[in-house]
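# Chain and residue survey
Read off the chains here:
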Amino acid sequence: MHVPTDRRARPSPGPAGRAVAVVAALAFAMVGCSSDDSEASSGSSANPTTTTGSSATGAVTVSAAASLTEAFTTIKDDFTKANPKASVTINFGSSGQLATQIRSGAPADVAAFADQAPMATVGDANLLAAPARVFARNQLTIVTKPGNPRGIKGLADLATAGTISLCAQTAPCGKFADQALQSAGLTIPTGSVTRGPDVKATLSAVTEGDADAAIVYVTDATVAGKAVGTVAIPEAHNVVASYPIAVIKASDNPKAAQAFEDWVLGPEGQAVLRAAGFMAP
Amino acid sequence: MTTPRRRPPLGVVVAAGVAVAFFALPLVGLVRRASWSTLADDLGSPDARSALGLSLVCSLSATALSVLFGMPLAWVLARVRFPGRAFVRGLVLLPLVLPPVVGGVALLSAFSRQGIVGGYLYDWFGIQLTFSTAGAVLAETFVALPFFVITVEAGLRSMDRRYEDVAATLGAARRVSFQRVTLPLVAPAVIAGAVLSWARALGEFGATITFAGNIVGKTQTLPLAVYLQLESNPDVAIALSLVLLVVSLTVIVSLRERWLGPS
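Because the structure is predicted, anything quoted here is derived from the model rather than measured.

The next point concerns the overall build of chain A. Helices and strands together make up the secondary structure of chain A, namely 10 helices and nine strands. Split into buried and exposed, the 281 residues of chain A put 44% on the buried side. Contacts in chain A between residues far apart in sequence, at least 24 positions, make up 78% of those at least 6 positions apart.

Looking only at helices and strands, chain B features 12 helices and zero strands. When its C-alpha atoms are laid out on the principal axes, chain B stretches across 75 × 65 × 30 Å. The burial tally for chain B puts 34% of its 263 residues in the buried class. Long-range contacts, defined as pairs at least 24 residues apart, comprise 76% of the intrachain contacts of chain B with a sequence gap of at least 6.

Counting residues in hydrophobic clusters, the biggest one holds 132 residues, and the most contacted among them are Val110, Ala111, Ala112, Val143, Ala213, Ala214 and Phe260 of chain A. Counting residues per element, this core draws most heavily on helix α7 (residues 133–158) of chain B, which supplies 14 residues. Of the residues that make up this core, three or more belong to each of domain 1 (54–137 + 243–275) and domain 2 (138–240) of chain A. In this view, phenylalanine 260 of chain A contacts Val60, Val62, Phe79, Val88 and Val110 of chain A; residues no more than four positions away in its chain are not counted.

This brings us to the interface of chain B and chain A. Contacts between chain B and chain A engage 18 residues on the former and 20 residues on the latter. Contributions of two or more residues to the side of chain B that touches chain A are made by α5 (100–111) and α11 (222–229) of chain B.

Turning our eyes to something else, we now look at the pairing of strand β2 (residues 86–93) of chain A. Residue and element names in this part refer to chain A. Where strand β1 (residues 58–65) and β2 come together, eight bridges link them in parallel fashion. Looking at the pairing, serine 63 lines up with asparagine 91 of β2. As for the winding sense of the linkage, the β-α-β connection from β1 through helix α3 (residues 69–82) to β2 is right-handed.

Residues and elements named next belong to chain B. Following both chains from N to C, one finds helix α3 (residues 46–79) and α11 inclined at 150°, their axes separated by 8 Å at the closest point. Put simply, α3 runs roughly antiparallel to α11. Listed contacts from α11 to Asp47, Ala48, Ala51, Leu52 and Ser55 of α3 are Leu222, Ala225 and Gln229. Looking at the contact of α3 with α11 residue by residue, the class counts come to five nonpolar, two polar and one charged.

Time to look at unusual backbone geometry. Phi at asparagine 126 of chain A is positive, roughly 65°, even though this residue is not glycine. By the secondary structure assignment, asparagine 126 of chain A is in the loop between α5 (116–124) and β4 (133–144). Residue classification places asparagine 126 of chain A among the exposed residues on the basis of 7 C-beta atoms within 10 Å. A positive phi angle, near 55°, is found at phenylalanine 131 of chain B, a position not held by glycine. The topology assignment puts phenylalanine 131 of chain B in the loop between α6 (118–125) and α7.

The next subject is the confidence of the model for chain B. Residues and elements named next belong to chain B. For chain B, mean pLDDT is 90; residues scoring 70 or higher make up 96% of the total. At the low end of the mean pLDDT range in chain B sits helix α12 (residues 234–260), at 83; at the high end sits α7, at 95. In the predicted assembly, ipTM is 0.76 and pTM is 0.77.

Now for the domain arrangement of chain A. A common way to express how large an interface is: the accessible area buried when the components associate. All names here are of chain A. Once the domains are mapped, chain A shows domain 1 (54–137 + 243–275) and domain 2 (138–240). Computed over C-alpha atoms, the centres of domain 1 and domain 2 are 26 Å apart. Put simply, the parts of the chain that give the side of domain 1 that touches domain 2 at least two residues each are α3, α4 (95–103) and β4. Taken together, the residues of the side of domain 1 that touches domain 2 sort by class into four nonpolar, six polar and three charged.

Quick look at the pairing of β1 of chain A now. Regular strands place side chains that alternate from one sheet face to the opposite one. Residues and elements named next belong to chain A. Counting buried positions along β1 yields seven of eight residues, so the element is predominantly enclosed. Relative to strand β3 (residues 110–112), β1 runs parallel, the two being bridged by three bridges. Within β3, the position partnered with serine 63 by the bridge is alanine 111.

Before going further, it helps to examine helix α9 (residues 254–265) of chain A. The first and last C-alpha atoms of α9 of chain A sit 16 Å apart over 12 residues, in line with the 16 Å expected at 1.5 Å per residue. Turning to α9 of chain A, its buried residues number three or more, namely Lys255, Ala256, Ala257, Ala259, Phe260, Glu261, Trp263 and Val264 of chain A.

Mapped onto the fold, proline 184 of chain B is located in helix α9 (residues 174–203). Along the sequence, proline 184 of chain B and glutamine 128 of chain B sit 56 residues apart, while their C-alpha atoms lie 39 Å from each other.

Residue and element names in this part refer to chain A. Across chain A, the average pLDDT comes to 84, with 81% of residues at 70 or higher. Confidence, expressed as mean pLDDT per element, reaches its minimum in chain A at helix α2 (residues 14–46) with 41 and its maximum at β3 with 97. A low-confidence stretch, residues 1–53 stays under pLDDT 50, and its non-local contacts, those more than four residues away or across chains, total nine contacts.

What follows is about the packing of α7 of chain B against α9 of chain B. Helix-helix packing is characterised by the crossing angle of the two axes and by the distance between the axes. Residues and elements named next belong to chain B. α9 packs onto α7 with a crossing angle of 160° between their chain directions and a minimal axis gap of 8 Å. The orientation of α7 relative to α9 falls into the category roughly antiparallel. For α7 against α9, the interelement crossing comes out right-handed. Together, Glu140, Val143, Ala144, Leu145, Phe147, Phe148, Thr151, Val152, Ala154, Gly155 and Leu156 of α7 and Val186, Ala189, Val190, Ala192, Gly193, Ala194, Leu196, Ser197, Arg200 and Ala201 of α9 make up the contact between the two elements. In terms of residue class, the contact of α7 with α9 is made up of 15 nonpolar, four polar and two charged.

So, how was this worked out
- Throughout, residues of each chain are indexed from 1 in the direction in which the sequence is written.
- Here every chain gets a letter starting at A, and every ligand a number starting at 1, in the order they are written.
- In view of the model being predicted, local features appear only for residues whose pLDDT reaches at least 70, and side-chain atom pairs are presented and counted only at 80 or more, with totals across whole chains, interfaces and linings using the full set of residues.
- Helix and strand assignments come from DSSP, with helices taken as H or I runs of at least 4 residues and strands as E runs of at least 2, each series counted from the N terminus.
- With C-beta atoms placed from the backbone, a residue counts as buried when 20 or more other C-beta atoms lie within 10 Å of its own, as exposed when 12 or fewer do, and as partly exposed for counts between those limits.
- Residues are scored as being in contact if the C-beta atoms we place from backbone atoms lie within 7 Å.
- For our purposes the nonpolar core covers buried Ala, Val, Leu, Ile, Met, Phe, Trp, Tyr and Cys residues that link as a set through C-beta atoms within 7 Å.
- Per the annotation, domain bounds derive from an automatic or database assignment of domains.
- A pair of strands counts as paired when DSSP detects no fewer than two bridges linking them.
- Whether a crossover is right-handed comes down to one check: with the strands pointing away from the viewer, does the path from the first strand over the helix to the second run clockwise; if it does, it is right-handed.
- Lines fitted to C-alpha atoms define the axes here, with helix axes fitted over just the stretch in contact, and angles between the N-to-C directions of these axes take values from 0 to 180 degrees.
- When describing relative orientation, an angle under 35 degrees is termed roughly parallel and one over 145 degrees roughly antiparallel, while 65 to 115 degrees is termed roughly perpendicular and anything else oblique.
- As a working rule, the residues Ala, Val, Leu, Ile, Met, Phe, Trp, Tyr, Cys and Pro are called nonpolar, Asp, Glu, Lys and Arg charged, and the rest polar, with Gly in that last group.
- On a range of 0 to 100, pLDDT expresses the predictor's confidence in each residue.
- In this scheme, a helix's expected span is set at 1.5 Å multiplied by one less than its residue total.
- Helix crossings get a hand from a simple test, with the near helix turned counterclockwise from the far one by less than a right angle marking a left-handed crossing and a clockwise turn marking a right-handed one.

Right, here's the structure in full:
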């Protein structure tokens, strides 16, 4: 009989108690989610051949280069339509960053990059299930404000055309842009170069911000459409980016991961990539 | 009869411990990852030095702007009754919860060359804020100003206004009473607000990279340098992170008594 009075006399246990209840509820909700997930994926791996062989099941996480955003979003929809029991999550970013994430143990089943170099760092760390295969190629182009108000005719004009948006050197598009500029013997003053973390950020500096020009992939310029003007980079200075794809060794769902890779390299995936302006591998 | 001190419930203690570990582990990890032997060289590298210097200039400028415009705003919000005051306060607080990248996009829509004001600034005065150091200061001020305003407004509201009344009855003009009575009384709040807004400005990332871009020596502040050097130069990135960590810790410790009371 002492205890209840004491308890009532205590100052405001209410809010704290409620907060604990909320946290507890959230924790239970999360536990619920994860157990559902594991059930689904373990179920799929337990009896993988109930359907006719090729159909993929379970969750697949894809780490894909930012330049693949539109094409892979379409491919994902097509793939899951053909494999209704599979679900695909795509993590878009700069290939350099994605490779770093995978090397640090980020969960990914498939990696699709804009350059062989970051894939090689993952391969060197012995994290690939099988050697990467090239599934597309791409090239660079100059994009300007619509109507090209600065009258940019080629790489040489970029040195004096105001603020130029390039990708960070760790992103493939930044490395390739530097190679293109170097082959043209051109140095843009550091104070005029803004570096985007990935190609989409680099592009948006022109479409949304006040950058006067950017060097991005041909496919990004295609996606931007009328929001930009395009000035081609001559073949002599242009760089061809080869896009490799591979299944990650640590994948929880290697079957579906392989099915996704095959889909990208197969006729359906290639048709989508071609429509987006990528060149054949 | 004295109430005996009761032991805290075990479950609560465990949950609290988990929360502390959740905060502490990443910091321990950061400290562990640092390569201490090359720390001086890493911080002395040209990119790191330019980011450090630029961050100092930008964050101090943003703090100065926050004080210059935040002080009058805090006073108006605390002392003047006007229709829509709640709305104005909400507007001021918005950057506290708005994702900074969205703040950057919003700044673009106002101050870029196609923006509401930016177009005129460029056409009439030739001023372009985007991709300039001034733009980085603007982005930092956008996120830092609310911290100053709420801290000082709270200080003004909680001070004993009778001192001001006495000053007025003794014939002090409003300005004199503000300088000699109000300001000294809210000085701790002003200092805390300035330190807070400075710390927030120093850590600003999203609005800066969106609005001012990422130009070495011009707009690449510490957090941008950390983000972009993490792959190419992880040691430099970690070294710069440590600088930000030490600064943040110093701010928290120096303001501890104000928020947490003496322990």
